[in-house]
Amino acid sequence: MLSFQRYIFLNRLIIILLVLNKLYIQLIGLINIETLLVWISPLIFFYFFVKKPRPKVHQSFCFILLVYFMLVCLRVFGMTGFFPDIIELILVVVMFLLTAYATKIIINEKNPL
């Protein structure tokens, strides 16, 4: 089973990869700087709050990840899908699964069997 500390490490790693991927997309000219800042701000906010073992924080971030998923699906399947967009789609899906599973990890660490 995944421990909460390992979950924090994996979630922060995916956040860093998402930010670097979005920076690359901005550098090649597919998005402007304002879009980049709006897109990155919830990730940076969650980066610092991921270590708090509160299920509401993780459930709220799952909702934000659903919005990210919708936007990246529009880029990948609606327009010309570039390779960085496909990587972003994979990272958002993995991060959503990890964040949705975080509630179970928190509950199991508070009440072990």
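Residues numbered from 1 in each chain as written. Predicted model: local features only at pLDDT ≥ 70, side-chain atom pairs only at ≥ 80, totals over all residues. Heavy atoms only, no water.

Overview of a nonpolar patch on the surface
In step 1: On the surface, a nonpolar cluster with roughly 520 Å² of combined accessible area is contributed by Phe9, Leu13, Ile16, Leu17, Leu20 and Leu23.
In step 2: Checked against the element boundaries, phenylalanine 9 lands in helix H1 (residues 4-27). (Patch = residues over 30% accessible without salt bridge, like charges linked within 9 Å, V, L, I, M, F, W, Y side chains within 5 Å. Areas by Shrake-Rupley, 256 points an atom, 1.4 Å probe, with all protein chains shown as cover. Salt bridge = Lys/Arg side-chain N within 4 Å of Asp/Glu carboxyl O. Helix = DSSP H or I, 4+ residues; strand = E, 2+ residues; numbered from the N terminus.)

Some details on the state of the cysteines
In step 1: Using the criterion set out here, one finds zero disulfides in the structure.
In step 2: With no disulfide partner, cysteine 73 has as its closest neighbouring cysteine sulfur the one in cysteine 62, 16 Å distant.
In step 3: By relative accessible area, cysteine 73 is classed as buried at 18%. (Disulfide = S-S within 2.5 Å. Buried < 20%, exposed > 50% of the residue type's maximum accessible area, 1.4 Å probe, protein only.)

Concerning the side chain of asparagine 21
In step 1: Summarising the element assignment, asparagine 21 is placed in helix H1.
In step 2: The exposure class of asparagine 21 is buried, given its relative accessible area of 9%.

These figures come from the coordinates and say nothing about function on their own.
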